[in-house]
Amino acid sequence: MAPDAGLTLHSGRLRRFLVCSSLNLFLCHLCYPYTRIIGAEQEIKVSLVFSNQLFAHSLNKYMKLLKVAAGVLNQIPLAWDHNRKNIVDAIEEAKRQEVSLLCLTELCISGYGCEDAFFAQNTIDQSIASLLEIVPYTNDIAVAVGLPLRHNNRTFDVACLIANKRILGFVAKQYMANNGVHYESRWFQPWPPYVRDEIKIGDFTYPFGDVVFDLSGVRIGFEICEDAWVANRPGRILYERG
């Protein structure tokens, strides 16, 4: 039997900006100079259940509200069918719970622990194939998924934002984890801040790199794991960019 999936839900009031991190979700007010974590965190170990309803009294009538969920899945390196099923199941449950934005984990498509298999072109190709199979399930929801991608002959750890069956773009991780059991710089290149490029997948070209998205009037940027643990974190730069 496949292990049960877990899910963490952070909920709160969103004014203008979100900074989304793998395993962490930071809901940011631009009216403060530093990021504040808003709302309660609750971890659910068995089944994909969302426990809290996003609600808040608007400070002004123009505030836009989104229901946001961060999901943690039990993925297996290179187990493409298993990983894809977990992702699709999470998306379906999120839609049932009327979630607006679902953030899934770093490298959830391929699995995190692929190690030197990240060097293999087949790992990149299979990740892209799985991504394209997941896209049709994203009607009426925005979903962030993680996967490895190769760009200009270098491999990057990226988050892909999908909404309403459309890929909106890819954000590349800027800081690699290299302490303890982590040695990400063996496989991945860090992406420089402020740099945006394009990548072609199939017949379409998408934004790639340091990308900011707009979702129903809410600007969304991403931090991927280690990005959130460094002093000059991308979230600060995103705040300064407005």
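Scroll up for the structure.
Everything in this summary refers to the structure shown in the same document. (Residues numbered from 1 in each chain as written. Predicted model: local features only at pLDDT ≥ 70, side-chain atom pairs only at ≥ 80, totals over all residues. Heavy atoms only, no water.)

**Remarks on the packing of helix H1 (residues 80–96) against helix H2 (residues 121–134)**
In plain terms, the rule: Here the axes come from fitting lines to C-alpha atoms, over the contacting stretch only for helices, and the angles between their N-to-C directions go from 0 to 180 degrees. Strands are runs of DSSP state E lasting at least two residues, helices are runs of H or I lasting at least four, and both sets are numbered from the N terminus onward. When describing relative orientation, an angle under 35 degrees is termed roughly parallel and one over 145 degrees roughly antiparallel, while 65 to 115 degrees is termed roughly perpendicular and anything else oblique. Whether a crossing is left-handed or right-handed is set by the direction in which the near helix is turned from the far one by less than a right angle, anticlockwise for left-handed and clockwise for right-handed. The contact criterion used throughout is that any non-hydrogen atoms of two residues lie within 4.5 Å. Classification used: nonpolar for Ala, Val, Leu, Ile, Met, Phe, Trp, Tyr, Cys and Pro, charged for Asp, Glu, Lys and Arg, polar for all others including Gly.
Between H1 and H2, whose axes approach to 10 Å, the crossing angle comes to 30°. When the axes of H1 and H2 are compared, the pair comes out roughly parallel. In the crossing of H1 with H2, the sense of the turn from one axis to the other is right-handed. Together, Trp80, Arg84, Ile87, Val88 and Ile91 of H1 and Thr123, Gln126, Ser127, Ser130, Glu133 and Ile134 of H2 make up the contact between the two elements. Residue composition of the contact of H1 with H2, grouped by class: 5 nonpolar, 4 polar and 2 charged.

**Concerning the pairing of strand S13 (residues 218–223)**
Put simply, the test is: Each residue is placed in one exposure class: buried if its accessible area under a 1.4 Å probe, protein chains only, is under 20% of its type's maximum, exposed if it is over 50%, and partly exposed if it falls in between. By this definition, two strands are paired if DSSP reports at least two bridges between them.
Most of S13 is tucked away: 5 of the 6 residues are buried. One ladder, built from 3 bridges, connects strand S12 (residues 213–215) with S13; its direction is antiparallel. The partner of Asp214 across the bridge, within S13, is Arg219. The hairpin formed by S12 and S13 contains 2 residues between the paired strands, and Ser216 there has a positive phi angle of roughly 55°.

**Quick word on empty space enclosed by the protein**
So the rule is basically this: As defined here, a cavity is a set of points on a 1 Å grid over the protein atoms alone where a 1.4 Å probe fits but cannot get out. A pocket is an open set with protein on both sides within 12 Å along at least five of seven lines, and residues line them when an atom is within 4 Å of a point. Grid points are joined across faces, edges and corners, and a volume is the space filled by probe spheres set on the points.
Throughout the structure, instances matching the rule amount to 2 cavities of 30 Å³ or more. Approximately 80 Å³ is the volume found for the second largest cavity. As for the second largest cavity, its lining consists of 14 residues, and the residues nearest its centre are Gln174, Asp210, Phe222, Pro234 and Leu238. Listing elements by their share of the lining of the second largest cavity, those giving two or more residues are strand S9 (166–172), S13 and helix H3 (234–241).

**Quick notes on the nonpolar core**
Nonpolar side chains in soluble globular proteins tend to end up buried together. Short version of the rule: Grouping buried Ala, Val, Leu, Ile, Met, Phe, Trp, Tyr and Cys residues that are joined through side-chain atoms within 4.5 Å yields what is termed a nonpolar core.
Among the nonpolar cores identified, the biggest contains 34 residues, and Leu102, Val145 and Phe170 are the most heavily contacted of them. Contributions of two or more residues to this core are made by H1, H2, strand S7 (142–151), strand S8 (154–163), S9, strand S10 (196–201) and strand S11 (204–209). Here this core takes 6 residues from H1, the largest share from any one element. Ignoring sequence-local partners within four residues, the contact set of Leu102 consists of Ala69, Gly71, Ala90, Ile91, Ala94, Ile141, Ala142, Val143 and Ala144. In terms of nonpolar packing, the next biggest core, distinct from the first, is built from 17 residues, Leu101, Ala159, Leu161 and Leu215 among them.

**Quick notes on H2**
Test applied: In a helix, the anticipated span is given by 1.5 Å times the number of residues less one. Directions pointing from the helix axis toward each C-beta atom define the arc.
In a regular helix each residue adds 1.5 Å, so 14 residues correspond to 20 Å; H2 covers 20 Å between its end C-alpha atoms and thus fits that length. All of the buried residues in H2 are Thr123, Ile124, Ser127, Ser130, Leu131 and Ile134. Angularly, the buried residues of H2 cover 130° about the axis, an arc narrow enough to put them on a single face. Next to the buried residues of H2 lie H1, S7, S8 and S9.

**A look at H3**
All of the buried residues along H3 are Pro234, Gly235, Ile237 and Leu238. An end-on view of H3 places all buried positions within 160° of arc, on one side of the element. Where H3 terminates, the next one or two residues include Gly242, which has phi positive at roughly 70°.

**Considering the pattern of salt bridges**
Condition: Just to be clear on terms, a salt bridge is a Lys or Arg side-chain nitrogen sitting within 4 Å of an Asp or Glu carboxyl oxygen.
The full count for this structure, using the stated rule, is 12 salt bridges. Between Glu93 and Arg96 there is a salt bridge, with its nearest N and O atoms 2.6 Å apart. Of this pair, Glu93 and Arg96 both sit in helix H1, separated by 3 residues, roughly a single helical turn. Taking the relative accessible area as the measure of exposure, Glu93 reaches 15% and is therefore buried. Take Arg96: its relative accessible area is 56%, and that puts it in the exposed class. Among the ionic pairs, Glu240 bridges to Arg236, the shortest N-O distance being 3.5 Å. Linking Glu240 with Arg236, this pair stays in helix H3, spanning 4 residues, or about one helical turn. By relative accessible area, which is 33% here, Arg236 ends up partly exposed. Put simply, Glu106, Asp157, Lys173 and Glu184 are held in one network by salt bridges that share partners.

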